[in-house]
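Structure assessment
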Amino acid sequence: MEKQKNQVLNGDIYDLTELGIKEINNHENDYNEISSPIKSTDRNWHTKDISNLWIGMIVSIAVYQVASGLLVSGMSWGQALLTVVLGHTIVMGVAIVLGHFGTKYGMAYPMLSKIVFGKKGTIFPSFIRAILGVFWFGVQAWIGGQAIYTIIGAIFPSWLEMGFKAHFISFIIFWIMNVYIAASGSKAVKILEGVSAPILIVLSLIVIIWGLYTADWSFKTLFGAKILQAKPGISFWKLFWPALSAMIAFDGGIALSMPDFTRNCVNQKAQSVGQIISAPLMTFYISFVGMCGTAGGLLAFGKEIWEPAVLVGNFPSIFIRIIFSIFIILAVLTTNVAGNLIPPVNIAATLTKNKIPYKVVTILVALLALLARPWDSLSSAYNLIFNVTQLLGALIGPISGIYLVSYLFEYKTEIDMVDVYKTNEGKYFYSNGWNIPVIVLFIIMTALIFAGKYIESITWIFNNAYVFGVIATGALYYLYLKIVKKK
């Protein structure tokens, strides 16, 4: 009864009542402008908005590169397309469940972490999610920076002779663009996605047309290009399982942060339908674009080029180099701000309890991207897909499994919004702020996955890092709830 007085259900969304806010303020709490839930009356994201979010994140240079990277690694175009689309579709299960929390309660990812790990224990998932966001932000800022580099080089050819210095300055220019948009808040992100998504689809269609042009307008010739055929001597199944896990992990970090975005949705239908419709279709589309671009690059320039920024730099026309570099900039901006920079900024803002201005937090978090050394991560397609992405999957897989089981089976999606904000008592306070069983399970499973990278007999665990982490950790936590905690 007390819970019903403190929060009221409007449709499929819970809102805190005035009594609920008053009850929160009667206790030590972390309720503030940033952490407070978004009221149902203040939300304005519909199906098209959440679809635009995923379109912006999927129609990206990163997805283009992993699709092309699988070709370079030895898969045929059909095998690569299946792997990429299947991976990005499977991860929608995680995104929709965690997105359900954001829509139902209007709370962001850090509050979900607090519910599952405890007030103090949330440092583990929050820190890891922040690392992931900062890492991918740095990688994609480098990709976008190379487009800046191409544009400047097209106008001032001497720029291309400056080597790494010019690349780094271009990276910083693009970095500033990202920070400005992120610091402007969610409205700026929404405007960027709404404007750029249609443009990105049209311009990527041009890549398909160009690919056909290089093949004398024949799909048979285009998809008969050597680079789109499976390389002899390479087993598809040996590549498939680690590649599939990598593709799932690729968007695993974004899936974790979906509450940050779905808390703006007007209802559950908007968040779930918007995600499941747009993500698989757009993954198929941009992967297909990547394959056409890669095949076209081989036919036109005689090179196996998996990086679109490098591909654009091979065109002799200054006009083409500038226009398609702008395409790359738009694609990366939309993905990078929403999917990579905003989540760790929100985490940092929540942890600092709004004591530091949001814009300052954005700049400080973005500065950490310099530590990512993105030029090393992008050294080869194989390194990005089978090493870097698996390492990231090892971090987020176990956390994802715990979140899913906790929200669906431990709490059955029913959360006490008042208790969430209490900092020294309540059902989510656990053992002095630490949910010890969850933390121990997370540490053990993460360590086991990393051990698979160095112990040959369990290499298969690391090669399927994200999938193993979600399923195994989730299953163990479910058994703990049913057997140990129930007693």
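Relevant structure appears above.
Residues numbered from 1 in each chain as written. Predicted model: local features only at pLDDT ≥ 70, side-chain atom pairs only at ≥ 80, totals over all residues. Heavy atoms only, no water.

A count of helical and extended segments in the chain gives 23 helices and two strands. A compact globule built from 487 residues should have a C-alpha radius of gyration of about 23 Å, and the chain, at 23 Å, falls within 12% of that. Overall, the C-alpha framework of the chain stretches about 70 × 50 × 40 Å when taken along its three principal axes. Within the chain, buried positions represent 61% of all 487 residues. If you sum the accessible surface of the chain, you get close to 19300 Å²; carbon and sulfur atoms cover 68% of it. Averaging the locations of the 34 positively and 24 negatively charged side chains of the chain gives two centres separated by 3 Å. (Helix = DSSP H or I, 4+ residues; strand = E, 2+ residues; numbered from the N terminus. Rg over C-alpha atoms; globule rule 2.2 N^0.38 Å. Buried < 20%, exposed > 50% of the residue type's maximum accessible area, 1.4 Å probe, protein only. Areas by Shrake-Rupley, 256 points an atom, 1.4 Å probe, with all protein chains shown as cover. Lys, Arg positive; Asp, Glu negative; His and termini not counted. Charge placed at Lys NZ, Arg CZ, Asp CG, Glu CD.)

Moving on: the packing of aromatic side chains. Applying the stated criterion across every chain yields a total of 33 aromatic pairs. Arranged with centres 5.4 Å apart and planes meeting at 20 degrees, the rings of F223 and F288 form a pair that is stacked. Here F288 lies in helix α14 (residues 268-301) and F223 lies in the loop between α10 (219-222) and α11 (236-250), a separation of 65 residues in the sequence. On the basis of relative accessible area, F223 is assigned to the buried category, the value being 12%. Clustering of aromatic rings is evident, with ring pairs tying together Y109, F117, F124, Y403, W434 and F442. (Phe/Tyr/Trp six-rings, centres within 6.5 Å; stacked < 30°, edge-to-face > 60°.)

Next up on the list: helix α4 (residues 61-73). Here α4 is 13 residues long and its end C-alpha atoms lie 18 Å apart, about the 18 Å a rise of 1.5 Å per residue gives. Most of α4 is tucked away: 12 of the 13 residues are buried. Along α4, the positions that sit buried rather than exposed are I61, A62, V63, Y64, Q65, V66, A67, S68, G69, L70, L71 and S73. Looking one or two places after α4, you find G74, whose phi comes out positive at around 130 degrees. (Expected span 1.5 Å × (residues − 1).)

Moving on to the pairing of strand β1 (residues 7-10). Bridge count for β1 against strand β2 (residues 13-16) is four bridges, and the pairing is antiparallel. Counted as the bridge partner of Q7 is L16 from β2. (Pairing = 2+ DSSP bridges.)

When the terminal C-alpha atoms of α11 are compared, their 20 Å separation across 15 residues agrees well with the 21 Å that a helix rising 1.5 Å per residue should span. For α11, the buried fraction is high: 12 of the 15 residues fall into the buried class. Residues F236, L239, F240, P242, A243, L244, S245, A246, M247, I248, A249 and F250 constitute the buried set of α11.

Even without glycine at this site, D216 takes up a positive phi of about 60 degrees. In this structure, D216 sits in the loop between α9 (186-214) and α10. Classification of D216 by relative accessible area gives exposed; the value is 65%. The backbone of N432 sits at a positive phi, close to 55 degrees, despite the residue not being glycine.

Here we take up the packing of helix α5 (residues 77-105) against helix α19 (residues 381-410). Between α5 and α19, whose axes approach to 10 Å, the crossing angle comes to 50 degrees. Between α5 and α19, the angle is such that the two are oblique. Handedness of the α5/α19 crossing: left-handed. Contacts between α5 and α19 involve V94, V97, L98, H100, F101, K104 and Y105 from the former and S400, Y403, L404, Y407 and L408 from the latter. Class assignment for the residues of the contact of α5 with α19 results in nine nonpolar, two polar and one charged. (Axes fitted to C-alpha atoms, helices over the stretch in contact; angles between N-to-C directions. Parallel < 35°, antiparallel > 145°, perpendicular 65-115°, else oblique. Left-handed = near helix turned anticlockwise from the far one by under 90°. Contact = heavy atoms within 4.5 Å. Nonpolar A, V, L, I, M, F, W, Y, C, P; charged D, E, K, R; others polar.)

Structurally, D251 is set in the loop between α11 and α12 (252-256). Residue contacts for D251: discarding those within four places in its chain leaves W54, I58, H88 and V91.

Applying the stated criterion across every chain, the model contains five salt bridges. Ionic pairing is found between D30 and K119, a salt bridge with its closest N-O pair at 3.3 Å. Here D30 is found in the loop between α2 (18-25) and α3 (47-58), whereas its partner K119 is found in the loop between α6 (109-117) and α7 (123-155), with 89 residues between them in sequence. With relative accessibility at 8%, the residue D30 sits in the buried group. The partner of E414 in a salt bridge is K104, with the nearest N and O atoms 2.9 Å apart. Taken together, the residues E414 in the loop between α19 and α20 (417-421) and K104 in helix α5 connect sequence positions 310 residues apart. On the basis of relative accessible area, E414 is assigned to the partly exposed category, the value being 33%. One network of salt bridges, in which partners are shared, links D30, K114 and K119. (Salt bridge = Lys/Arg side-chain N within 4 Å of Asp/Glu carboxyl O.)

Residue placement: S126 occurs in helix α7. S126 sits in the buried class, given a relative accessible area of 2%. Considering only alpha carbons, one finds S126 and P343, 217 residues apart in sequence, at a separation of 9.6 Å. Excluding residues that lie within four positions of it along the chain, S126 makes contacts with Y109, S113 and I347.

Glancing now at the pairing of β2. The two faces of β2 match: I13 and D15 on one face and Y14 and L16 on the other face are all buried. Remark: two residues form the turn of the hairpin made by β1 and β2, two consecutive strands paired antiparallel; G11 in that turn has positive phi of roughly 70 degrees.

With that settled, the discussion passes to the packing of α5 against α14. At a minimum axis separation of 9 Å, α5 and α14 run at an interaxial angle of 160 degrees. What the angle tells us is that α5 and α14 run roughly antiparallel. The way α5 lies across α14 gives a crossing that is right-handed. The residue makeup of the contact of α5 with α14, split by class, is 14 nonpolar, 11 polar and one charged.

Remember that the coordinates give geometry; whether it matters functionally is a separate question.
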